[in-house]
Amino acid sequence: MCELYVKADPILYESRSRSLRIRGVVTTLRLENQFWDILREIAEVDGMTTNQLITKLYDEVMEYRGEVVNFASFLRVSCTRYLAQRRATVVELPKARAQEGRGVS
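Computed from a prediction, not measured in an experiment: that's the story for all the values here.

Conventions and cut-offs
Residues numbered from 1 in each chain as written. Predicted model: local features only at pLDDT ≥ 70, side-chain atom pairs only at ≥ 80, totals over all residues. Heavy atoms only, no water. Helix = DSSP H or I, 4+ residues; strand = E, 2+ residues; numbered from the N terminus. Buried < 20%, exposed > 50% of the residue type's maximum accessible area, 1.4 Å probe, protein only. 1 Å grid on protein atoms, 1.4 Å probe; cavity = no way out; pocket = protein on both sides within 12 Å on 5 of 7 lines; lining within 4 Å. Points joined across faces, edges and corners; volume = space filled by probe spheres on them. Nonpolar A, V, L, I, M, F, W, Y, C, P; charged D, E, K, R; others polar. pLDDT = per-residue confidence, 0-100. Pairing = 2+ DSSP bridges. Salt bridge = Lys/Arg side-chain N within 4 Å of Asp/Glu carboxyl O. Expected span 1.5 Å × (residues − 1). Contact = heavy atoms within 4.5 Å.

J.: Pulling in residues and values, what's your account of the side chain of Asn33?
T.: Position of Asn33 relative to the elements: it lies in helix H3 (residues 33-45). Exposure remark for Asn33: the relative accessible area of 9% places this residue in the buried category.

Right under this line is the structure:
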């Protein structure tokens, strides 16, 4: 099992910083390339740029929580939650189709 992780391309876990403007303030976020790729995917699915998505997530978490202690960690967790949700959807589709085929509702 460890080979799956150990053989990952090192570029995926290399960190990269990006500057963006959130609520009029220029800030720098440092995330691993893998997370930037996932954020880009989420943004594309939602019809946004990565910066727009990040700004929206920041606004929503601030509205809900009132603060963000570690925004980079919040983004990483958001990425993993997105992947878990996507995986659950992929697993549930065949089950739903099988039930439809049997007339189960």
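J.: Can you tell me about the layout of surface pockets, naming the residues and giving the values?
T.: Within this model, the largest pocket holds a volume of roughly 330 Å³. For the lining of the largest pocket, the leading source of residues is helix H5 (residues 71-101), giving six residues. Split into classes, the residues belonging to the lining of the largest pocket amount to eight nonpolar, two polar and four charged. Estimates place the volume of the second largest pocket at around 200 Å³. Considering the residues around the second largest pocket, the lining is formed by Leu4, Tyr5, Ala8, Leu12, Tyr13, Glu32 and Gln34. For the lining of the second largest pocket, the elements supplying multiple residues, two or more each, are helix H1 (2-6) and helix H2 (10-13).

J.: Got a sec to walk through the confidence of the model for the protein? Specific residues and values, please.
T.: Interpreting fine coordinate detail is not advised for predicted regions of low pLDDT. When pLDDT is averaged along the protein, the result is 89; 87% of the residues meet or exceed 70. No element of the protein has a lower mean pLDDT than H1, at 80, and none a higher one than H3, at 97.

J.: Go over the pairing of strand E2 (residues 25-32) with me, naming the residues and quoting the values.
T.: Regular strands place side chains that alternate from one sheet face to the opposite one. Bridge count between strand E1 (residues 15-22) and E2: eight bridges; the pairing is antiparallel. The partner of Arg16 across the bridge, within E2, is Leu31. Between E1 and E2, which pair antiparallel and follow one another directly, the connecting turn spans two residues, one of which, Arg23, has a positive phi of 55°.

J.: Now, about the pattern of salt bridges: what can you tell me, with residues and values included?
T.: Tallied over the entire structure, the rule returns seven salt bridges. Between Glu32 and Arg76 there is a salt bridge; the shortest N-O distance is 3.0 Å. With Glu32 in strand E2 and Arg76 in helix H5, this residue pair connects regions lying 44 residues apart in the sequence. Take Arg76: its relative accessible area is 23%, and that puts it in the partly exposed class.

J.: Lay out H3 in plain terms, naming residues and giving numbers.
T.: Here H3 spans 19 Å end to end across 13 residues, near enough to the 18 Å set by a 1.5 Å rise per residue. Turning to H3, its buried residues number three or more, namely Asn33, Phe35, Trp36, Ile38, Leu39, Ile42 and Ala43. Looking one or two places after H3, you find Gly47, whose phi comes out positive at around 70°.

J.: Describe the environment of Tyr82, naming the residues involved and giving the relevant values.
T.: Positionally, Tyr82 belongs in helix H5. Relative accessible area serves as the criterion here: at 15%, Tyr82 is assigned to the buried category. Residues within four places of Tyr82 in sequence aside, it is in contact with Ile38, Glu41, Ile42 and Val45.

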